[in-house]
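Summary of structural features
Residues per chain, in single letters:
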Amino acid sequence: MSETLRVLIVEDEDDAAQTLVEYLQRYGEERKIWVTSTRLATAFDLPRSLDAYDLALLDIQLPGINGMEAAKELRSRDAVTPIIFVTNLAQLAVRGYEVDALDFIIKPVSYHDFALRMDRAMRRIRECTAGRIAVRTREGTHVVTVQTLEYVEVNKHNLLFHLDDQQTLEARGTLRELEESTKGGTLLRISKSVLVNMEHIDRVLGTELVTTSGVHLVISRTRRREVVEAITRYIGGR
């Protein structure tokens, strides 16, 4: 199984939660996806963001903080992770547009209906994942889009991710792993220790290139021809 799917289930009814867990396992076996799930009985214990999950299944009628309120709070910090509402009342579910919910499932949930919704969710997740990188720092996991990434450099045994908002994230990893996971995208290796996003290259000056934020990065002599050709092809293909 090459794909993984991390799902957050927020459901106060034990039987309903167990059904969703069983359906997820069945779906994963059928689609050859490794599925893990976390179940919460109330929205009081919701994480501050959905960075650790690929999908959220939210019951609307929850004790205390209902699912709609919880989704609004999550959306204030996470605009992309798909949310699917699970509810007894269709009239409540249609309000999902307020929080950009992907879909809704009406209880009692049938597996056929569940699988259809999950297929749609997986399409969305794959589209989002293609342009996102999970950066696991000491403070937690940050999901960043490749578009906001200016360049990445090696710092001892860690990687420094420099973002276009001047933020820098430090995480364990290697440039080779990052290069492989983003192959075919806009990240270009210009030296043994630097990957640069071609979207953020302002100009090339001899053995250096300048990023849009004004940072000067050295192009290794052995890679210069390859780098210039790659940048030229990229600009020409825009």
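Rules used in this analysis
Residues numbered from 1 in each chain as written. Predicted model: local features only at pLDDT ≥ 70, side-chain atom pairs only at ≥ 80, totals over all residues. Heavy atoms only, no water. Helix = DSSP H or I, 4+ residues; strand = E, 2+ residues; numbered from the N terminus. Buried < 20%, exposed > 50% of the residue type's maximum accessible area, 1.4 Å probe, protein only. Areas by Shrake-Rupley, 256 points an atom, 1.4 Å probe, with all protein chains shown as cover. Lys, Arg positive; Asp, Glu negative; His and termini not counted. Charge placed at Lys NZ, Arg CZ, Asp CG, Glu CD. Core = buried A, V, L, I, M, F, W, Y, C linked by side-chain atoms within 4.5 Å. Contact = heavy atoms within 4.5 Å. Phe/Tyr/Trp six-rings, centres within 6.5 Å; stacked < 30°, edge-to-face > 60°. Lys NZ or Arg CZ within 6 Å of the ring centre and 35° of its normal. Pairing = 2+ DSSP bridges. Axes fitted to C-alpha atoms, helices over the stretch in contact; angles between N-to-C directions. Arc of directions from axis to C-beta. Polar contact = N/O pair within 3.5 Å; in protein donor to acceptor, adjacent residues only side chain to side chain.

What follows concerns the overall build of the protein chain. If you tally the helices and strands in the protein chain, you get 6 helices and 15 strands. Overall, the protein chain is about 65 × 35 × 35 Å in size when its C-alpha atoms are taken along their principal axes. Taking all 238 residues of the protein chain together, the buried fraction comes to 44%. Counting only carbon and sulfur atoms, one obtains 49% of the accessible surface of the protein chain, whose full area is about 13,200 Å². If the 32 positive side-chain charges of the protein chain are averaged to one point and the 36 negative ones to another, these points end up 7 Å apart.

By size, the foremost hydrophobic cluster in this structure holds 23 residues, and its most contacted members are Leu5, Val7, Leu24, Tyr27, Leu55, Leu57 and Phe114. Elements with a minimum of two residues in this core: strand E1 (3-10), helix H1 (14-31), strand E2 (33-40), strand E3 (55-59), strand E4 (83-87) and helix H4 (111-129). Tallying contributions element by element places H4 first for this core, with 7 residues. Leucine 55 has contacts with Arg6, Val7, Leu8, Thr81, Pro82, Ile84, Met118, Ala121 and Ile125, leaving out every residue within four places of it along the chain. Core analysis: the next-biggest nonpolar cluster, separate from the first, contains 19 residues, Leu40, Ala56, Phe85 and Ala101 among them.

Moving on to the packing of aromatic side chains. For the structure on display, the rule yields 3 aromatic pairs. Relative to tyrosine 111, the ring of tyrosine 23 lies with its centre 5.4 Å away and its plane at 75°, an arrangement referred to as edge-to-face. Of this pair, tyrosine 23 sits in helix H1 while tyrosine 111 sits in helix H4; the two residues are 88 residues apart in sequence, bridging distant segments of the chain. For the pair shown, tyrosine 23 and tyrosine 111 are each scored as buried. For the ring pair tyrosine 23 and phenylalanine 114, a centre distance of 5.5 Å and an interplane angle of 50° mean the geometry is tilted. Pair noted here: tyrosine 23 is in helix H1 and phenylalanine 114 is in helix H4, with a separation of 91 residues, a long-range link. For the pair tyrosine 23 and phenylalanine 114, a shared accessibility class is recorded, and that class is buried. Aromatic rings pair up to connect Tyr23, Tyr111 and Phe114 into one cluster. Positioned above the aromatic ring of tyrosine 111, the side-chain terminus of arginine 26 is 3.7 Å from the ring centre.

Take the sheet that holds E1 next. Pairing is parallel across the open sheet formed by 5 strands, whose spatial order is E2-E1-E3-E4-E5. The sheet terminates laterally at E2 and strand E5 (103-106), the two strands that pair on one side only. Ignoring strand direction, the axes of neighbouring strands in this sheet form an average angle of 20°. Here E1 pairs with E2 via 8 bridges, running parallel. Across the sheet, the residue bridging to threonine 4 is tryptophan 34, located in E2.

What follows covers helix H2 (residues 67-75). What H2 keeps buried is the set Gly67, Met68, Ala70, Ala71, Leu74 and Arg75. Looking straight down H2, one finds its buried side chains confined to an arc of 160°; they lie on one side. Capping of H2 at its N-terminal end is provided by asparagine 66; its side-chain oxygen lies 3.0 Å from the backbone amide nitrogen of methionine 68.

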